[in-house]
Amino acid sequence: PRMVEEVLAAGVPVDLLLYDAAAATGRAAAVLARARQDGVRLVSATSRVIAACSQVETPQGMIAVVHKPGAQPDAVADRPDLLLIVADRVQDPGNLGTIVRIADAAGASAVWVTGGGADPFNPKAVRATMGSVFHLPVAALEVPQAIAALQRRSVRVLVADQRGAVEYTDVDYRPPVAVVLGGEAEGPDPSWREAADAMVRIPLYGLRIRSQ
């Protein structure tokens, strides 16, 4: 219900809302009322049907078929107050969804997904965003395209890297700026290192203490 609530609040078109009437209490009932008011097609189903349609172990009695939000990378990059998060080669959908959610909480302008990483609209990724993917622009593009777009607009590029020369607390984050977060196994594409204005590290103090 919370996810559908976020979808409706963002004004994303909903083709169908399947729900279990027996579970439609509290927040779920309020979501159904909002959906009905917005003219969404509502279809009642048994809990067994809901479970068969769901991809989670404990369905919450509500499933929606929703239009995939679209985002134009160039339009985003033109913002003078740009705070862009680039998730490069992030393979795990849950990790990618968490990045989108944190970017939203931090007031980012958008998230770009590059390097052939996970699909930001993978069901696991969508759940991990907790609804942020429906109102924060998220776009997938190739690394060369992303770098060229940022360089044309003189956007500073900060690349997170454990070997970075600058600690994250000493970095200027004034917009327009892009923060690149690399994948779990290989980190960011080497092209990002070449395009970076600064390589930024986040010290792991606990790890440092344990290694001493």
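Look up: the structure comes first, before these words.
Read on for a plain summary of the structure.

Conventions used here
Residues numbered from 1 in each chain as written. Predicted model: local features only at pLDDT ≥ 70, side-chain atom pairs only at ≥ 80, totals over all residues. Heavy atoms only, no water. Helix = DSSP H or I, 4+ residues; strand = E, 2+ residues; numbered from the N terminus. Buried < 20%, exposed > 50% of the residue type's maximum accessible area, 1.4 Å probe, protein only. Contact = heavy atoms within 4.5 Å. Areas by Shrake-Rupley, 256 points an atom, 1.4 Å probe, with all protein chains shown as cover. Core = buried A, V, L, I, M, F, W, Y, C linked by side-chain atoms within 4.5 Å. Polar contact = N/O pair within 3.5 Å; in protein donor to acceptor, adjacent residues only side chain to side chain.

Re the overall build of the chain
Thought 1: Per the secondary structure count, the chain includes nine helices and 10 strands.
Thought 2: Seen along its three principal axes, the alpha-carbon backbone of the chain occupies a region of about 55 × 45 × 25 Å.
Thought 3: A burial count over the chain gives 41% of its 212 residues as buried.
Thought 4: Sequence-distant contacts in the chain: of pairs separated by 6 or more residues, those separated by 24 or more amount to 79%.
Thought 5: Total accessible area computed for the chain in this model is approximately 11600 Å², and 52% of it derives from carbon and sulfur atoms.

Digging into the nonpolar core
Thought 1: Counting 36 residues, the largest nonpolar core has L8, L17, M62, I85, V111 and L158 as the members making the most contacts within it.
Thought 2: Apart from residues no more than four positions distant in its own chain, L158 is found in contact with V171, D172, Y173, V177, A178, V179, V180, A198 and V200.
Thought 3: If you look at the next biggest cluster of nonpolar residues, it comprises 21 residues, including A77, V86, L141 and A178.

A few points about unusual backbone geometry
Thought 1: In this chain, P175 is followed by P176 through a cis amide linkage whose omega measures 0 degrees.
Thought 2: With respect to the element layout, P176 can be found in the loop between β8 (166–167) and β9 (177–182).
Thought 3: Even without a glycine there, the phi angle at R89 is positive, about 60 degrees.
Thought 4: For R89, the position within the fold is in the loop between β4 (83–88) and α5 (93–105).

Observations concerning the side chain of R89
Thought 1: Note on R89: relative accessible area 18%, which makes it buried.
Thought 2: Among the polar contacts made by the side chain of R89, one reaches the main-chain carbonyl oxygen of P188 at a distance of 3.1 Å.
Thought 3: Discounting chain neighbours no more than four positions away, the residues touching R89 are T114, G115, G117, G183, E184, E186, G187, P188, D189 and P190.

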